[in-house]
Amino acid sequence: MLEELRALGARCTAILVTHGHWDHLGGVAELAEATGAPVHMAEEERVLLEDINSFTPPGTELRPYTPDVLLQGDETLELAGISFQTLRVPGHSPAHLAYYAGGALFSGDLVFAGSVGRTDLPGADWDLLVESIRMLADRFPPETVVYSGHGPKTTLGTELARNPFLGELRA
């Protein structure tokens, strides 16, 4: 990420964590220390970053970090001239957050292009995941661009219309 920031001539003003799974936290300490950017994450999942190596696969060693800003969901963050709404979207993890700004939704591992987040992990819940996606569909227009934690961008409308895992939201 640091190389990409340099190549773009950009600077990191904040690190927004969607959820506490190790694959989303692995570079947080290095990025925060190199940029001085504050780390924002759900208060309920902070232990997953502070004690990260208790939650990684065997043989994986990552640097823990203490988040600077603890969130509940439903906050507004003013960062680099952009207003972000925080949204509590449990299902893939208990305190999963999404961030919305200017027609874009950063969904973490809640919903992907053609898929949804796993619910076979500790603390995950299929019904909560579907309800979180239903809340997003009720709150934002179909043309909302979705940037997930993995894979290509999509739109909320495309996923509601075509995602094979979201059939119950079309019924």
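Residues numbered from 1 in each chain as written. Predicted model: local features only at pLDDT ≥ 70, side-chain atom pairs only at ≥ 80, totals over all residues. Heavy atoms only, no water.

**Focus: helix α5 (residues 126-139)**
With 14 residues, α5 should reach 20 Å at 1.5 Å per residue; the first-to-last C-alpha distance of 20 Å fits that figure. Three or more residues of α5 are buried, namely Leu129, Val130, Ser132, Ile133 and Leu136. Take α5 and look down its axis: the buried residues cluster within an arc of 155 degrees, on one side only. Across from the buried face of α5, at angles greater than 90 degrees, the exposed residues are Asp127 and Asp138. Buried positions along α5 lie against β5 (82-88), β7 (104-108), β8 (111-112), β9 (115-116), α6 (156-162) and α7 (167-170). Its side-chain oxygen at 3.0 Å from the backbone nitrogen of aspartate 127, aspartate 125 defines the N-terminal cap of α5. (Helix = DSSP H or I, 4+ residues; strand = E, 2+ residues; numbered from the N terminus. Expected span 1.5 Å × (residues − 1). Buried < 20%, exposed > 50% of the residue type's maximum accessible area, 1.4 Å probe, protein only. Arc of directions from axis to C-beta. Contact = heavy atoms within 4.5 Å. Polar contact = N/O pair within 3.5 Å; in protein donor to acceptor, adjacent residues only side chain to side chain.)

**Things to note about the sheet that holds strand β1 (residues 15-16)**
Ordered by their spatial adjacency, three strands build an open sheet running β1-β2-β3, and the pairing between neighbours is parallel. The strands lining the two open edges of the sheet, one partner per strand, are β1 and β3 (69-71). By the bridge criterion, three bridges tie strand β2 (residues 39-42) to β3 in an arrangement that is parallel. Of the residues in β3, the one forming a bridge with histidine 40 is valine 69. (Pairing = 2+ DSSP bridges.)

**Things to note about unusual backbone geometry**
You will see that aspartate 74, though not glycine, has its phi angle at about 75 degrees, which is positive. Its place among the elements puts aspartate 74 in the loop between β3 and β4 (76-79). A residue is classified by how much of its surface remains accessible, and aspartate 74, at 63% relative accessible area, is exposed. In this structure, alanine 80 takes a positive phi of about 55 degrees despite not being glycine. Take alanine 80: it is sitting in the loop between β4 and β5.

These values are about where atoms sit, not about what they do.
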